[in-house]
Structure formats: structure tokens, C-alpha cells
Amino acid sequence: MRYTLVGYLVSETHKSIWRNRMSSFLSCGTTALALFLLGVAIVISLNLQYIFTDVQSQPEIQAYLKMETTDQEAVSALKACEAMNGVAEVRFVSKEEAFSELREMFQDKAAVLEGIENPLPASIRLTTFRAEDVPGVVEQLKVLPCVEDVIYQEEASRNLAVLGRVSQALSLGGTVIVGLVAITVIGNTTRMTIEARRHEIAIMKLVGATDGFVVGPFVLAGIVLGMFGGLLGAGLSIGLYNYLTTSLGSILPFIPILSLTRDTALNITGILVLTGVAVGTLGSALSLRRHLKV
Amino acid sequence: MTALIQVRDVSKAYPGGMLALNRVSLDIRKGEFVFIVGQSGAGKSTLIKLLYREEVPTEGRVIVAGKDLTRMRRLEVPFLRRRIGVVFQDFRLLADRTVAENVEFALRVTGFNGRDAKKAVAQVLSMVGLRSRHSAYPGELSGGEQQRVAIARSLVRNPDILIADEPTGNLDPDTSMEIFRLIERANRYGTTVVVATHARHIVDAMRKRVIELRRGTVVRDVRRGAYDD
Ligand SMILES: Nc1ncnc2c1ncn2[C@@H]1O[C@H](COP(=O)(O)OP(=O)(O)OP(=O)(O)O)[C@@H](O)[C@H]1O
Ligand SMILES: [Mg+2]
């Protein structure tokens, strides 16, 4: 005897989205933009984790030697290093070794390195007994004539961390702002639907429709819009990321970039769709509270 | 037997201090047909709105089918309304739905499935004489036909009570009489009817119970009454 609420909701929701297709489209678009930014933030934080594990596996200090350094110069630099205060271990890494390490790092993607002339410099890798010794050793390394550049973990990590945190904060901030805009836009779409259907709602109440029947289609419309926004945002952010990693990966193969697995991509999509649903529910519910008093 | 509708010492003041009803008491038993008459502003619509809980009294109690509407929780209101059909002067039909869809609407939004609803709609449409017009839109109907659709919608659930607030206010005398004949037919099937109206000739012709309001109080309540004393 009872008509399922579900069947009723589906047909009414479909109608209300379609009748307001312009503002529905707008709602969906802003939600998608907000969730795209959230997607970007997630991808950045995944990459940060990836880079940090990568950085931590490197020796503490690397002194890159100038390309034109001769073997003799290298040997004397090595000796100088061993004589420095606080230095525990010193190891020379030739150009060839560096290149084969790179190949290893790339594993299956090593093909991109074929036919390329080795661009890597030789380097000296040092570890110190104590962390305090690092700055002193770095200073001494910098004045050696054949040393081109010195990088050490602390600095590299600090720079990466700052860069990562800034970009993360920017995209998260963008997510919050655009998310609020999306809630407002969905709320506004809901309000327009309510206005357009005031007469109908009054009749529903007159003939004894429960609040669930009156409000249900509006909430469901909000949820559906948020969900599509989430899917769209996920498609955009994951698609763009994959495009960037494949094109960047061939231009700048040294940068450690995480390529997304299917599972990670699915997880991100899940998070974005759920957030979209939350945004849609919130937008329509707030608007209903204000404009329908149920 | 206690009355189906009991109004007890009811006063209604609207925001702004206007006292629309002043200590009104009346009983309406199951199966009765009652006219509410009185000058404009006497409080007829206000009394009617109390019966389906569109408004709540400032003082006093309204009891319908054993339920005290003044204490009724909001969640219960829809279930009260399903037992009461309401008809207005302005029909209140949905212009973008056909005759059948307008009637069916009342069932669909209260949880009936499509097939059950269609059967009930066909039955009530033939009762009001609009079976052949079921696919027409309200804009294609005369005022009298539109009011028939509204009556069909109000009756499709077989309500205990049919309430009408000036149902023929927009109709000519002959059409008005047809509408009242229809309402009387619903009354013969057992539905209790309460109608607020200015239609003097009809009240005089039908000779039903007449309750007259004047400035918010009951000044007359007679069986087989006329529009004036
Ligand atoms: N929502 C409202 N807010 C304030 N005052 C109201 C409201 N509704 C009605 N009134 C006032 O209450 C009084 C009774 O109004 P009501 O509509 O019940 O009269 P009525 O008998 O139905 O009149 P009519 O025959 O013109 O329809 C009037 O003075 C009216 O101005
Ligand atoms: Mg009135």
C-alpha cells in the first residue's frame, strides 16, 4: 500500500534539479572547484610524505663537485674532508655511480635516461657524529675550490617542508573559502527551488504530507549536486595530477614525484565525494531552516 | 456520543491585538452539515483555520476526533490533515499538473503508491463528474470545474471532515449550486461538512444548521436555518 519514499524522492528530486538547471549547474561547479582544491591539497601532502622518506634515506651532507674537477683535485678534497672536525664517514661518489643510482631510482622508467649523456656531477657524501657538527662541516666544504654546491638534509628538508606547508595551506585555505561559497550557492539554489514551489509546498502541507516528504526532495537535490561536484572535483584533480606527473616526469626526471595508484585515486575520490555530499547537505539544510521553517 | 468537533471557549488574537474570535464554543457531531455565516471580518476563516490547525487558539481548546489540537505535537499535524479535506475560494490547484495529477498529488505526497492512487483518483473524478477531463490542465477548465477538481482532491482520501472556506466565492449562482450539491453528496456518504459562506440563496435553499458569527462571537446557532434570522 505504501508508496516507497525513495521512488517519490527520486522523481521529485530529478524534477527540481532539472527545473533549476542553471543554478544547479552553478552549484555543482562551485562544489567541484572547492573539492578540486581539496584534491590538490591531498595530493600535495601525499607527495610531501613521499619526499620526506626519500630525503631521509640520503646521507647527511652531499658536496657536489664542479664538472671540470680532475681526479687529483677530488682526491685532495676527499683528504681534506677526512681531516675535518666531527666527520664520521666520507665516501666519494663518481659521476658513473651517481648515474646508475639514478637509474635504480627510476626502475621501470629508466628508459627515459637511455641515450642521455650523464648530466650528474661527482660528489662527496659525509656523515657527522653529531648534528651540531653539520653547519661547521658545511662551511668548510663550501670553501673547498672544487666544490660547486653543498646540500644537507636539514636545509633540504626545511626548504621542502616550507614549500610544502605553504602550498598545502594555500590549497586548504582555498578549499575552505570555495567550500563556503559552494555551501552558499547550493543554499541559494535550494532557496530558489523553495520560492518556485511555495504554492506546491503549501498544498503538500494542507493535504497532510509529513516533513520528510516536504523537505526530502530539497535535501536529496543538495546531496546529489554535492556528490556530482565531488566526482567532478576528483576527476579534475586526479586527471590534472596524472597529466602533470607524466609530462613533468619526462621533462624533469630527477624530481621525486609520487605517481598515484588506483587505490589512492579511489580513496581521494571517496574523500572528495563524501565532502561534496556534506557540502550539499549543509547547504540545502541551512537554506531549508531559513526559508521553510520546518 | 461526544461531538466530532468540539470548540471550547476559544479566543484568537492575531499579532497586533486584533481579537478575531472571542470565547467561541460549539459542537459539531459526526455527519452534520454546518454553514458558518457572518459579515466580512466576523471570524469565519479564523474559526475554519483552527479546525485543521492552520492556526492555534490564543485561549480555549479545539478537539477534533478526540484529539486536542491545542496540545497536538507538530509531527501529528500531517496525520490530522489526512482526515480533513479543505477547499478554498481560489481552488489552489497546481497549474502545471493535469486534473488527475492534481488529485493524485494528495495521495502521492502522503505515501500512496502509483497504482493505488490511480484507482482512487479515477473513482473520485467520476464522482465529481470530471472523469472525461482527467488530462486537462486547470487553465483549460471553468471555475466550477476547477473547484470540482479541488473537491475531488479533498475527498480522495475519504476524509472524516470536509471544510470549505467560501468555496463558491468566485462562481456564478448556478455553478455555486452545483458545487454545493456535490458537497451535499459527500455529506450523504458520511463526511461531516463545515462551510463558511456568503452565498445567501444557497444557505436559504439548503436549510442546514447555520452558525452566525458577529465580531468574533456566536450570535446564532440554529437547525434548518436561513442566512438571516
Ligand atoms: N493573519 C492575520 N493577522 C492579523 N489579523 C488577521 C489575520 N487574519 C485575519 N485577521 C483579522 O481577524 C478578523 C477576522 O478575520 P477572518 O478572516 O476570520 O474573517 P472572515 O469572517 O473570514 O471574513 P471574510 O468574510 O471577509 O472572509 C479580521 O478583522 C481580520 O482582519
Ligand atoms: Mg474569510
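Residues numbered from 1 in each chain as written. Chains lettered and ligands numbered in written order. Predicted model: local features only at pLDDT ≥ 70, side-chain atom pairs only at ≥ 80, totals over all residues. Heavy atoms only, no water.

Some words on the overall build of chain A
- A tally of regular secondary structure across chain A gives nine helices and four strands.
- The order of helices and strands in chain A, counted from the N terminus, is α-α-β-α-β-α-β-α-β-α-α-α-α.
- Counting only residues that meet the buried cut, chain A has 41% of its 294 residues in that class.
- Considering only contacts within chain A whose residues lie at least 6 apart along the sequence, 85% involve residues at least 24 apart.
- Here chain A has roughly 16,000 Å² of accessible surface; of this, 64% comes from carbon and sulfur atoms. (Helix = DSSP H or I, 4+ residues; strand = E, 2+ residues; numbered from the N terminus. Buried < 20%, exposed > 50% of the residue type's maximum accessible area, 1.4 Å probe, protein only. Contact = heavy atoms within 4.5 Å. Areas by Shrake-Rupley, 256 points an atom, 1.4 Å probe, with all protein chains shown as cover.)

Focus: the pattern of salt bridges
- Summed over the entire model, instances satisfying the criterion amount to 29 salt bridges over all chains.
- B:Asp27 is the partner of B:Arg8 in a salt bridge, and the nearest nitrogen-oxygen pair spans 3.0 Å. With B:Arg8 in strand S1 (residues 5-13) and B:Asp27 in strand S2 (residues 19-28), this residue pair connects regions lying 19 residues apart in the sequence.
- For the salt bridge of B:Glu54 with B:Arg81, the shortest nitrogen-to-oxygen distance reads 3.7 Å. Taken together, the residues span a long stretch of sequence, with B:Glu54 in the loop between helix H1 (44-51) and strand S4 (59-64) and B:Arg81 in helix H2 (residues 77-81) at a distance of 27 residues.
- Given a relative accessible area of 43%, B:Glu54 falls into the partly exposed group.
- What emerges from the salt-bridge pattern is a single network uniting A:Arg91, A:Glu97, A:Glu101 and A:Arg125. (Salt bridge = Lys/Arg side-chain N within 4 Å of Asp/Glu carboxyl O.)

Let's talk about the site of ligand 1
All names here are of chain B.
- Contacts to ligand 1 come from 13 residues, most closely from Ser40, Gly41, Lys44, Ser45 and Thr46.
- Thr46 places a side-chain nitrogen or oxygen 2.6 Å from an oxygen atom of ligand 1.
- One of the side-chain nitrogen or oxygen atoms of Glu166 is found 3.3 Å away from an oxygen atom of ligand 1.
- Alone, ligand 1 offers 630 Å² of accessible surface; in the complex the protein occludes 65% of this.
- With three residues, the single largest contributor to the shell around ligand 1 is H1.
- Of the residues belonging to the shell around ligand 1, the class tally is four nonpolar, seven polar and two charged. (Near = heavy atom within 4 Å. Polar contact = N/O pair within 3.5 Å; in protein donor to acceptor, adjacent residues only side chain to side chain. Nonpolar A, V, L, I, M, F, W, Y, C, P; charged D, E, K, R; others polar.)

Some details on the packing of aromatic side chains
- Inspection of the entire model under this criterion finds three aromatic pairs over all chains.
- Note on B:Phe35 and B:Phe180: the rings are 5.8 Å apart at their centroids and 55° apart in plane angle, and the pair reads as tilted. Of this pair, B:Phe35 sits in strand S3 (residues 33-37) while B:Phe180 is found in helix H6 (residues 173-188), placing the two residues 145 residues apart along the sequence. Each member of the pair, B:Phe35 as well as B:Phe180, carries the same accessibility label: buried.
- Grouped by ring-pair contacts, the aromatic residues B:Phe33, B:Phe35 and B:Phe180 constitute a single cluster.
- Positioned above the aromatic ring of A:Trp18, the side-chain terminus of A:Arg21 is 4.4 Å from the ring centre. (Phe/Tyr/Trp six-rings, centres within 6.5 Å; stacked < 30°, edge-to-face > 60°. Lys NZ or Arg CZ within 6 Å of the ring centre and 35° of its normal.)

As for the sheet that holds S2(B)
Residue and element names in this part refer to chain B.
- In spatial order, the strands read S2-S1-S4-S5; together these four strands make up an open sheet with antiparallel pairing. Looking along the sheet, the strands with just one partner apiece sit at the ends: S2 and strand S5 (67-68).
- In this structure, S1 lies alongside S2, joined through six bridges in antiparallel fashion. Within the sheet, the bridge partner assigned to Val10 lies in S2 and is Val24. (Pairing = 2+ DSSP bridges.)

A closer look at the pairing of strand S9 (residues 209-214) of chain B
Residues and elements named next belong to chain B.
- Within S9, five of the six residues are buried, which leaves the element mostly enclosed by the surrounding structure.
- Of the strand pairs in this sheet, S9 and strand S10 (residues 217-222) are connected by five bridges, and their pairing is antiparallel. Bridge pairing in S10 places Glu212 opposite Arg220.
- Adjacent in sequence and paired antiparallel, S9 and S10 are bridged by two residues, among which Arg215 carries a positive phi angle near 45°.

What to know about the domain arrangement of chain A
- Entries for chain A in the domain assignment read domain 1 (2-55 + 158-291) and domain 2 (59-152).
- Between the C-alpha centres of domain 1 of chain A and domain 2 of chain A there is a distance of 48 Å. (Domains from an automatic or database assignment.)

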